[in-house]
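Results of the structural survey
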Amino acid sequence: MSFAEKLKEKRAQSGLTQADLAWKAGVTARTIQNYELGTRRPSNMVVVQKIADALGTTTEYLLGSAGTLIVEAHERGGAKAARDIDALVSEVTGMFAGGTLSDDAMDGAMRALSEAYWIAKEKNKKYGRRKGADKA
């Protein structure tokens, strides 16, 4: 189940309208609407935590481990990093689809790949060309 589906389901179970949830979470009703439509995702964990609190649930339930990695990547490195991690997560999920990997093992694999991404990004920054380096 996706973040959008879980959000909509929990909101309905709580008896809240989109406007009610938005007010409780400190976001706009349009934001909740976009989240439920799946056209947008939260870009930081603070917002997800406020929504989870308003719904009496956890961020882990709403996002799942893959979604948590993507939101954390957005916080840490912006939209491009979130897209990169989303692609990695999709690849890992596809690679083990239908396999015998437990949920914990899958989460561990995704976290390890995410960490490898950040290590590689840091190394690339360290050894990348500097602006103005060819000017002499």
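Residues numbered from 1 in each chain as written. Predicted model: local features only at pLDDT ≥ 70, side-chain atom pairs only at ≥ 80, totals over all residues. Heavy atoms only, no water.

**Looking at the packing of helix H2 (residues 18-25) against helix H3 (residues 29-37)**
At a minimum axis distance of 8 Å, the contact between H2 and H3 shows a crossing angle of 115 degrees. As judged from the angle between their axes, H2 and H3 are roughly perpendicular. Considering only the axes of H2 and H3, their crossing is right-handed. The residues of H3 that touch H2, namely those facing Gln18, Ala19, Leu21 and Ala22, are Ala29, Ile32, Gln33 and Glu36. Split into classes, the residues belonging to the contact of H2 with H3 amount to five nonpolar, two polar and one charged. (Axes fitted to C-alpha atoms, helices over the stretch in contact; angles between N-to-C directions. Helix = DSSP H or I, 4+ residues; strand = E, 2+ residues; numbered from the N terminus. Parallel < 35°, antiparallel > 145°, perpendicular 65-115°, else oblique. Left-handed = near helix turned anticlockwise from the far one by under 90°. Contact = heavy atoms within 4.5 Å. Nonpolar A, V, L, I, M, F, W, Y, C, P; charged D, E, K, R; others polar.)

**Re the packing of aromatic side chains**
Within the structure shown, the criterion is met by one aromatic pair. Considering the side-chain rings of Phe3 and Tyr35, the 5.7 Å spacing of their centres and the 70 degrees angle between planes classify their relative orientation as edge-to-face. A residue pair is termed long-range when its members are at least 10 positions apart, and Phe3 in helix H1 (residues 3-14) and Tyr35 in helix H3 qualify at 32 residues. For Phe3, a relative accessible area of 12% translates into the label buried. We classify Tyr35 as buried; its relative accessible area is 3%. Looking at Lys6, its charged tip hangs above the ring of Tyr61, at a distance of 5.1 Å from the centre. Lys10 extends its terminal NZ or CZ atom over the ring of Tyr61, reaching a point 5.4 Å from the ring centre. (Phe/Tyr/Trp six-rings, centres within 6.5 Å; stacked < 30°, edge-to-face > 60°. Buried < 20%, exposed > 50% of the residue type's maximum accessible area, 1.4 Å probe, protein only. Lys NZ or Arg CZ within 6 Å of the ring centre and 35° of its normal.)

**Section: the nonpolar core**
The nonpolar side chains of a soluble globular protein tend to be buried, and buried together. Judged by nonpolar contacts, the single largest core of 19 residues is most densely connected at Leu7, Leu21, Ile32, Tyr35 and Ile51. Elements represented by at least two residues in this core include exactly H1, H2, H3, helix H4 (45-55) and helix H5 (59-95). Considering every element that reaches this core, the biggest residue donor is H4, with seven residues. Excluding its chain neighbours within four sequence positions, the residues that come into contact with Ile51 are Leu7, Leu21, Ala25, Ile32, Tyr35 and Leu62. Residues Ala81, Val89, Met106 and Trp118 belong to the second largest nonpolar core, which totals 12 residues. (Core = buried A, V, L, I, M, F, W, Y, C linked by side-chain atoms within 4.5 Å.)

**Thoughts on the pattern of salt bridges**
Scanning all chains against the criterion turns up three salt bridges. Between Arg11 and Glu36 there is a salt bridge, with the nearest N and O atoms lying 2.4 Å from each other. Taken together, the residues span a long stretch of sequence, with Arg11 in helix H1 and Glu36 in helix H3 at a distance of 25 residues. Of the residues examined, Glu36 reaches a relative accessible area of 10% and is grouped as buried. Between Asp84 and Lys80 there is a salt bridge, with the nearest N and O atoms lying 3.0 Å from each other. (Salt bridge = Lys/Arg side-chain N within 4 Å of Asp/Glu carboxyl O.)

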